[in-house]
Each structure stands twice: as C-alpha cells, then as structure tokens.
Amino acid sequence: MAISNIISAIGNNSSVYPLIVRDCGIEVPAKIAITYEQNKKESKGIAYLAARERFLDEYATSAVWLGGIPLIGKICNYFIKKKGFNPNVNLKLFKEDKFQGINYNIEKFKNTAPDVVKDLIKVKNNKKLYEKMLAGKFIASTSIPILFMGFILPKLVFASSEKKIKAMRARENQNKNQQINFLQKDKFFKINDISFRGNWVSTAASFSTQNKMAVTDGGYAVGRVATARNRNEALDLAFKMTGMMLLNFVVPKCIERGLNKLTGTQLDPIILSDKNFIKDIKENAIKLPKSSKVNDLFTFIDDIANKDSYFIKYAQKFEKLKMLDSGIRDPREFVDTAKLSKFRNEIAEFVIKTQNLSEKDFTKFIRKAKIFKTANILINVALSSFLLAYVLPKCQFGFRRLITGSDLEPGLAPTEKVVNESTTDL
C-alpha cells in the first residue's frame, strides 16, 4: 500500500507532488549539467558561472515555488481567522442553485451542523469584507513569490556573478583595453488598485496550490524577462519560461489522458490496491450514485447512510468532495459536480468491465489494471521529465544559437563593444 501511495502521489497531476519529483529530483540537476556542457564548448570559465547561476536560481526558485505559496496561504488564513471568519467558506456558494448555495446550505444544515452554519452566516453578513480578505490572500500568495522569484532573486544572482565575470574578463583580456558592461533594466513591480467586484475573487479564492503555482509561474516569467541583462537574454528566457509552463502544467495532463485512454484504466493505484474495494466490486456491492446527474449526486452524498461508502471515501481523498467528521457534507465547500460526476462514471465503468468475469479472469483483470495505471504514471513522469530536463534545454540552445550565433549564456557572454582603458564600469 505504501508503494501505491507513492505512485498515486506522483501521478496526481492536480497536486504538487509530480512537480516536486520533476523539478527538484530530475529537471534541475539535468539542466545544471546540460548548461555546463553547452557553455563549455566555448568557455570553461563561463560554463562554471552559468552552472553556478543555474544552481542558485533553480533551487532557490523551487524552494519559494513549492514551499512559499502554501506557507503564505497559511499565514493569511491565520489573520482571516483572527477576524472571526473561517477561510474555508467558498465564495462560489453565493451562486445559488437548486442543490447548493449559501442560503440553501444555511437552511439545510442549520440543525445537523449548527457550528459550521455559523461560519456561513458570518460570511453572508460580511460578504464584502470577506471577499477583500480572500482577494488579499490570493494576491499575497502569488505576488510575493513573483516579486522574489521574478525580480529580487535574478538581481541577487546577477550581482553574485558580476564580480566573478569581471575578474575573469580582466584575466582573459589583460592585454586588451576591453571591459564588460552588464546591461540591466530596472523595473519596478507594481500592483495596480484592484477592484474586488466581479467573479474573479470567488474563482481565485478557490484556486488550489497548483493553480496558484501556475499563476505565479506566469508572473515569474514576466519578471525574469524584465530583469534580463540584455535583449538576447530576454528572448532566451522568454522561450525557456514558455516551454516550462507548458511542460509543467499542460503537457503532463494531456499525456495522462492519452495513456488512460490507450490502456482503458482511469482509477488511481490506491483504489486498485484497496482489497475491500475490490472485494465489494467482486460481490457487486459497490454503492454509487444512481447516475451522474446532479440531483442523483447530491441525493447520494447527502444521505448519511452512504457516509462510509468507497465513493465518498475516495472522492474526499482526491479532493473532489469535503465531508465533516460527522459524515455530513461540509456546507462551507462548493461541490464541483463536474469532477464528482466524472469520478462516479470512472468507477461505474470499471465495475461494468468486471461483470460476468470468472474468478480467475477477474483476478487477472484487476492485476492488469493496476499494472497499467502504475505504468501510465511512471511513463508520464519519465516522459514529461525528459521533455523538461533534456528536450526543452536543447530546443532553448538551438533557439539561442539562432538569435545570438553562440552557445554561451546571453547574460554572461562578452559584449562585442570594445572600450578604452579610461572607460569606467557602468
């Protein structure tokens, strides 16, 4: 079961675990090595500096990217609670419909979950203030990492390299009257006054950590391009950052869908390793909503008799549903019925495939499904990591040669301008 948990974690493309594996364990070490080899073709000195910059930049960025966003979110939640609000109340509940909404939930759960309903009433009576606090939380948990990763960190890394590159240039050109100018564009990170009206607050406030990481990545990319030391470095970074965003947040999910469709296996290895779940399938005892229609979903999850069902258990585990300890649906949470419906259908389709199988064929089918899903996850991680750690850098170097005619890092490569001895450093 422990192995299944690990495989499941790195295969969940809606969580941060695949990013940690690809980013810290595979992509960054490979990029450092490739960067050194690429620059070594023309200059070992620049190759060392380029690898050093990549090491400092990548791991500092990973630390902020993977740890800073959740940490800032927790700090913001602490202050929201200090104001008497529960930050778990989802603003999407203000969009009332037939089966959920803030007024609907207050009325429905006022007797079964009175303490939770108090949280809803507090937010309902102070909607504007609560919106501003959640908007502030979103802005803080994205803008602070963007400011550090996109603007402050590159300046620090560039400054740490400046003395070394000048000393190296002085040694290499001691018989020439040449100095190196580092062109840096001073940019200021500005947050314009933001209107807290509209639907963006309820959408942004519901972002997962990975969603916030994607937003942060976009701002981080803008910051890196803005703080580039020259035009060629800006173009080089823009190419790299665009590729990284696609390969981190889009391509793995496309690969996952393709592999799942190819093998016909959707369920997570954790579910497939649950002997009691498999036993219930075998005995045709799995409890599911009657259909994937919204009314059937809510009828099932709001029936306390189903609180121990595998459908609800795993819907909670994979963050498609949130329940209270009492077995009642959390009234503060907005139920994404599209995700819940898809999950219900995945289980139902799996159950259908097992019907009318002999005991021997049933055992083989379950074993094969688990092997296929595990293989899908490992292939996805390996393929997406290969694209990030090897293919993207190679494409970046090809693009770099196209625009600069050189393999050297554009920010560290010598400028072609020759200056007199009397020229002072800029």
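See the structure above.
Residues numbered from 1 in each chain as written. Predicted model: local features only at pLDDT ≥ 70, side-chain atom pairs only at ≥ 80, totals over all residues. Heavy atoms only, no water.

Trainee: I tried to follow the overall build of the protein chain on my own but got confused; where do I start?
Mentor: Broken down by element type, the protein chain carries 16 helices and 0 strands. A burial count over the protein chain gives 47% of its 426 residues as buried. The long-range share in the protein chain, meaning contacts at least 24 apart out of those at least 6 apart in sequence, stands at 76%. Surface exposure of the protein chain reaches about 22100 Å², of which carbon and sulfur atoms provide 57%. (Helix = DSSP H or I, 4+ residues; strand = E, 2+ residues; numbered from the N terminus. Buried < 20%, exposed > 50% of the residue type's maximum accessible area, 1.4 Å probe, protein only. Contact = heavy atoms within 4.5 Å. Areas by Shrake-Rupley, 256 points an atom, 1.4 Å probe, with all protein chains shown as cover.)

Trainee: Which parts of the structure should I look at to understand the pattern of salt bridges?
Mentor: Any two side chains of opposite charge can pair, given that their charged atoms come close. Under the criterion given, the structure shown has 18 salt bridges. Notably, a salt bridge pairs arginine 332 with aspartate 119, separated by 3.1 Å at the nearest N-O pair. Residue arginine 332 is found in the loop between α14 (310-317) and α15 (337-354), and its partner aspartate 119 is found in helix α5 (residues 114-125); the two are separated by 213 residues along the sequence. Judged by its relative accessible area of 11%, arginine 332 is buried. Arginine 400 serves as the salt-bridge partner of glutamate 409, at 3.3 Å between the closest nitrogen and oxygen. When its relative accessible area of 11% is taken as the criterion, glutamate 409 is described as buried. With a relative accessible area of 0%, arginine 400 lands in the buried category. A network of salt bridges, in which partner residues are shared, links Glu53, Arg229 and Glu233. (Salt bridge = Lys/Arg side-chain N within 4 Å of Asp/Glu carboxyl O.)

Trainee: Teacher, can you tell me more about the side chain of asparagine 90 here?
Mentor: Within the element layout of this structure, asparagine 90 appears in the loop between α3 (44-82) and α4 (102-109). For asparagine 90, a relative accessible area of 12% puts it in the buried group.

Trainee: Honestly, the packing of helix α10 (residues 251-263) against helix α16 (residues 359-404) in this entry has me stumped. Any pointers?
Mentor: Two quantities define a packed helix pair, namely the angle between the axes and the distance from one axis to the other. At a closest axis distance of 10 Å, the pairing of α10 and α16 adopts a crossing angle of 150°. In this structure, α10 meets α16 at a crossing whose hand is right-handed. Between α10 and α16, the residues in contact are Val251, Pro252, Ile255, Glu256, Leu259, Asn260 and Thr263 and Phe372, Lys373, Asn376, Ile379, Asn380, Leu383, Ser384 and Leu387, respectively. Within the contact of α10 with α16, the residues separate by chemical class into 8 nonpolar, 5 polar and 2 charged. (Axes fitted to C-alpha atoms, helices over the stretch in contact; angles between N-to-C directions. Left-handed = near helix turned anticlockwise from the far one by under 90°. Nonpolar A, V, L, I, M, F, W, Y, C, P; charged D, E, K, R; others polar.)

Trainee: How do you make sense of a nonpolar patch on the surface when you look at a structure like this?
Mentor: Together, Leu71, Ile75, Tyr78 and Phe79 line one region of the surface with nonpolar side chains, adding up to about 430 Å² of accessible area. Residue position: leucine 71 is located in helix α3. (Patch = residues over 30% accessible without salt bridge, like charges linked within 9 Å, V, L, I, M, F, W, Y side chains within 5 Å.)

Trainee: It is not clear to me how the environment of proline 289 should be interpreted in this structure. Could you clarify?
Mentor: The residue proline 289 is located in the loop between α12 (275-282) and α13 (294-301) in this model. Judged by its relative accessible area of 2%, proline 289 is buried. As a C-alpha pair, proline 289 and arginine 344 span 55 residues in sequence and 7.3 Å in three-dimensional space. Residues in contact with proline 289, not counting those within four places in the same chain, are Asp296, Leu297, Phe300, Phe311 and Arg344.

Trainee: Would you mind showing me how to read the packing of α13 against α15 here?
Mentor: Close contact between α13 and α15 brings their axes to 10 Å; oriented N to C, the two are set at 80°. Accordingly, the angle class assigned to the pair α13 and α15 is roughly perpendicular. Contacts from Val294, Leu297, Phe298 and Ile301 of α13 reach α15 at Thr337, Leu340, Ser341 and Arg344. Residues of the contact of α13 with α15, tallied by class, amount to 5 nonpolar, 2 polar and 1 charged. (Parallel < 35°, antiparallel > 145°, perpendicular 65-115°, else oblique.)

Trainee: It is not clear to me how the nonpolar core should be interpreted in this structure. Could you clarify?
Mentor: Buried together is how nonpolar side chains tend to be arranged in soluble globular proteins. Membership of the largest hydrophobic core comes to 30 residues, with the highest contact counts inside it found for Phe277, Ile301, Phe311, Leu321, Leu340 and Ile347. Mapped onto this core, the elements with two or more residues apiece are α11 (269-272), α12, α13, α14, α15 and α16. When neighbours within four sequence positions are excluded, phenylalanine 277 is seen to be in contact with Leu267, Ile271, Ile286, Tyr310 and Ile347. (Core = buried A, V, L, I, M, F, W, Y, C linked by side-chain atoms within 4.5 Å.)

Trainee: Looking at this structure, how should I read the packing of aromatic side chains?
Mentor: Here a ring pair, both rings aromatic, is described through the centre-centre distance and the interplanar angle of the planes. All chains considered together, the criterion is met by 13 aromatic pairs. Ring centres 5.7 Å apart and planes at 25° place the aromatic pair phenylalanine 311 and phenylalanine 343 in the stacked group. Separated by 32 residues along the polypeptide, phenylalanine 311 in helix α14 and phenylalanine 343 in helix α15 bring together distant segments of the chain. Assigned by exposure class, phenylalanine 311 and phenylalanine 343 land together as buried. A network of ring pairs unites the aromatic residues Phe277, Tyr310, Tyr314 and Phe318 as a single cluster. (Phe/Tyr/Trp six-rings, centres within 6.5 Å; stacked < 30°, edge-to-face > 60°.)

Trainee: For this particular structure, what's the right way to read unusual backbone geometry?
Mentor: Most of the time, phi is negative for any residue but glycine, and the peptide bond is trans. Positive phi values are uncommon outside glycine, yet asparagine 284 reaches one of about 55°. When you line up the elements, asparagine 284 lands in the loop between α12 and α13. What makes asparagine 284 exposed here is its relative accessible area of 58%. For asparagine 356, which is not glycine, the phi torsion reads 65° and is therefore positive. With respect to the helices, strands and loops of the structure, asparagine 356 is situated in the loop between α15 and α16.

Trainee: Explanation requested: the environment of arginine 224 in the structure shown.
Mentor: Counting through the fold element by element, arginine 224 comes out in helix α8 (residues 209-226). The class of arginine 224 is buried, set by a relative accessible area of 4%. Linking arginine 224 and phenylalanine 151, residues 73 residues apart in sequence, is a C-alpha distance of 6.6 Å. Non-local contacts of arginine 224, meaning those with residues more than four positions away in its chain, are made with Asp57, Thr61, Met149, Gly150, Leu153, Pro154 and Leu237.

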